[in-house]
Amino acid sequence: MSIVVVGAGSIGAHLADVLAKEGKNVIIIDEDASTLARFARSADVATICGCGCDWKILAEIAEQKPMLFLALTSHDETNLAA
């Protein structure tokens, strides 16, 4: 099962980590490259650096047909647009 998490803050990172430990294929998207790099070292997840409402990123993700898409950023506008 493929799951996309937008936002690598405390909630998004924790959820992505738990899902990855359960054997799920997790992709996490965030604009902060250093946060993604630290997170990728500690969890078995794929990372994409960029805005979660960028249509190019979303089109790329849609090709993988994720079963679940979670927008968990601190910005309501980004969450709604994603």
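See the structure shown above.
We now turn to the structure provided with this report. Think of each chain on its own: its residues are numbered from 1, step by step along the sequence as written. Reporting of local features is limited, given that this is a predicted model, to residues whose pLDDT is at least 70; pairs of side-chain atoms are given and counted only at 80 or more, and all residues count toward the totals for whole chains, interfaces and linings. Values reported for side chains reflect all heavy atoms of the structure, with hydrogen atoms and water molecules removed beforehand.

1. Structural notes on unusual backbone geometry
Filter applied, for reference: Numbering goes from the N terminus for both helices and strands, where a helix is a DSSP run of H or I of at least four residues and a strand is a run of E of at least two. To sort residues, take the accessible area from a 1.4 Å probe on protein chains only and compare it with the maximum for the residue type: under 20% means buried, over 50% means exposed, and anything in between is partly exposed.
A positive phi is found at Lys-65, a non-glycine position, where the angle reads about 50°. Structurally, the position occupied by Lys-65 is in the loop between α3 (55-62) and β4 (68-71). Judged by its relative accessible area of 64%, Lys-65 is exposed.

2. A closer look at the layout of surface pockets
Spelled out, the test is: Using a 1 Å grid laid over the protein atoms alone, points where a 1.4 Å probe fits but cannot get out form a cavity; open sets with protein on both sides within 12 Å along at least 5 of 7 lines form a pocket; any residue with an atom within 4 Å of a point counts as lining. Grid points are joined across faces, edges and corners, and a volume is the space filled by probe spheres set on the points.
In this structure, the largest pocket spans a volume of roughly 220 Å³. The wall of the largest pocket is formed by 15 residues, among which Gly-7, Asp-30, Glu-31, Thr-73 and His-75 lie closest to the centre.

3. Remarks on the pairing of strand β2 (residues 25-30)
How we decide: Here the rule is simple: two strands pair whenever DSSP picks up at least two bridges between them. Handedness of a crossover: with both strands directed away from the viewer, a clockwise path from the first strand across the helix to the second marks it as right-handed.
Of all the 6 residues making up β2, 5 are buried; the element is thus mostly covered by neighbouring parts of the structure. Direction of pairing for strand β1 (residues 2-6) relative to β2: parallel, over a ladder of 5 bridges. Within β2, the residue paired with Val-4 across the bridge is Ile-27. With helix α1 (residues 10-21) bridging β1 and the parallel β2, this β-α-β connection has right-handed handedness. For β2 and strand β3 (residues 46-49), the ladder comprises 4 bridges, and the chain directions are parallel. Bridge pairing in β3 places Ile-27 opposite Ala-46.

4. Section: the environment of Pro-66
Along the chain, the position of Pro-66 falls in the loop between α3 and β4. What makes Pro-66 partly exposed here is its relative accessible area of 26%. Separated by 43 residues in the primary sequence, Pro-66 and Gly-23 place their C-alpha atoms 14 Å from one another.

Any functional reading would require information that these geometric values do not contain.
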